Amino acid sequence: MDGPVTLRRPQRADARRNYDALIAAARDAFAEKGADASLEDIAKRAGVGIGTLYRNFPARQDLFEAVYVEEINQLAAAAEAAASLPPWEALRVWLQRFVAYAVTKRAIIDLLNRDSEMFRSCRVVMYAAGEPLFARAQQSGEVRADASFDDVLRLVSGLTSAAFVDDAQRDRVLHFALDGIRATG
């Protein structure tokens, strides 16, 4: 699998903690409130001052890109963690993480440059992470032979555009969708 997309993280441990807290807070804020989430709210959620946010992310665009890259890196890490599971379970676990990524992506996608090297690199990493899990599940006979990895990503991505009552409902709907790609035996 291709390695993660690199971010320029601070060197000092305390600065790295602040940076990571800002990324996590921004991800949550964007998922809840969209791309218009307040930078002041993000700093507050992260437990830092607004100056710390601007030191790490001089432009709002820098924060969007850092959140996106971090989501891709976590998606790649989730694939590595799931790789030792049985084929269907590995794919299912990774797709559950993909749903969380897709929610964040949907909130900020219009503000990302889809023609940028960063965006293209992220796509390569995402496919390199999930495609082997899909292929293994398909080769094991657990995924329909007529499904492609791209089909499944589009199916699962489509789920994220719907509003759900809660996470349990979203998980049920995902389960129903995944039943549709299972091979019948």
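The structure displayed is predicted, hence computed values, not measured ones. (Residues numbered from 1 in each chain as written. Predicted model: local features only at pLDDT ≥ 70, side-chain atom pairs only at ≥ 80, totals over all residues. Heavy atoms only, no water.)

**Student:** What should I look at first to understand helix α2 (residues 39-46) in this one?
**Tutor:** Counting along an α-helix, one turn takes 3.6 residues, and residues three or four places apart therefore face a common direction. Within α2 the residues assigned to the buried category are L39, I42, A43 and A46. Down the axis of α2, the buried side of the element spans an arc of 100°, and every buried residue falls inside it. For α2, the elements touching its buried residues are α1 (13-33), α3 (50-56) and α4 (60-82). Among the residues of α2, the N-terminal cap falls to S38, whose side-chain oxygen and the backbone nitrogen of E40 are separated by 3.2 Å. (Buried < 20%, exposed > 50% of the residue type's maximum accessible area, 1.4 Å probe, protein only. Helix = DSSP H or I, 4+ residues; strand = E, 2+ residues; numbered from the N terminus. Arc of directions from axis to C-beta. Contact = heavy atoms within 4.5 Å. Polar contact = N/O pair within 3.5 Å; in protein donor to acceptor, adjacent residues only side chain to side chain.)

**Student:** What is the right way to read the nonpolar core from this model?
**Tutor:** I42, W94 and F98 are the most contacted members of the largest nonpolar core, which has 61 residues in total. When contributions to this core are tallied by element, the ones reaching two or more residues are α1, α2, α4, α5 (87-108), α6 (117-139), α7 (149-159) and α8 (167-181). Among the elements that line this core, the one with the most residues is α4, at 12 residues. Once residues lying within four places of it in the same chain are set aside, the contact partners of I42 are L22, A25, A26, A29, F30, A37, L53 and L63. (Core = buried A, V, L, I, M, F, W, Y, C linked by side-chain atoms within 4.5 Å.)

**Student:** What is the right way to read the packing of α5 against α6 from this model?
**Tutor:** Relative placement of two packed helices is described by the angle separating their axes and the distance separating the axes. Following both chains from N to C, one finds α5 and α6 inclined at 155°, their axes separated by 8 Å at the closest point. The orientation of α5 with respect to α6, classified from their angle, is roughly antiparallel. Here the hand of the crossing between α5 and α6 comes out left-handed. Where α5 approaches α6, its residues P87, W88, A90, L91, W94, F98, Y101 and K105 are matched on the opposing element by F119, M126, A129, G130, L133, F134, R136 and A137. A breakdown of the residues in the contact of α5 with α6 according to their chemical character gives 13 nonpolar, 1 polar and 2 charged. (Axes fitted to C-alpha atoms, helices over the stretch in contact; angles between N-to-C directions. Parallel < 35°, antiparallel > 145°, perpendicular 65-115°, else oblique. Left-handed = near helix turned anticlockwise from the far one by under 90°. Nonpolar A, V, L, I, M, F, W, Y, C, P; charged D, E, K, R; others polar.)

**Student:** For this particular structure, what's the right way to read the pattern of salt bridges?
**Tutor:** Once their charged atoms are close, side chains differing in charge can pair, the charge on each being opposite to the other. Across all of its chains, the model carries 13 salt bridges by this definition. The salt bridge involving R45 is made with E32; its shortest N-O contact spans 2.8 Å. Taken together, the positions of R45 in helix α2 and E32 in helix α1 put the pair 13 residues apart, joining distant regions of the chain. Residue classification places E32 among the exposed residues on the basis of a relative accessible area of 55%. (Salt bridge = Lys/Arg side-chain N within 4 Å of Asp/Glu carboxyl O.)

**Student:** How do you make sense of the packing of aromatic side chains when you look at a structure like this?
**Tutor:** Ring pairs (aromatic) are described by centroid distance and by the angle formed between their planes. This structure, assessed with the given rule, holds 9 aromatic pairs. With 5.3 Å between their ring centres and 50° between their planes, F98 and Y101 make a pair best called tilted. Taken as a pair, F98 and Y101 lie in helix α5 at a separation of 3 residues, close to a single helical turn. Comparing F98 with Y101 shows no difference in burial state: the two are buried. Taken together, the aromatic side chains of Y68, W94, F98, Y101, F119, Y127, F134 and F149 make up a single cluster linked through ring pairs. Taking the ring centre of W88 as reference, the NZ or CZ of R182 above it sits at 4.2 Å. (Phe/Tyr/Trp six-rings, centres within 6.5 Å; stacked < 30°, edge-to-face > 60°. Lys NZ or Arg CZ within 6 Å of the ring centre and 35° of its normal.)

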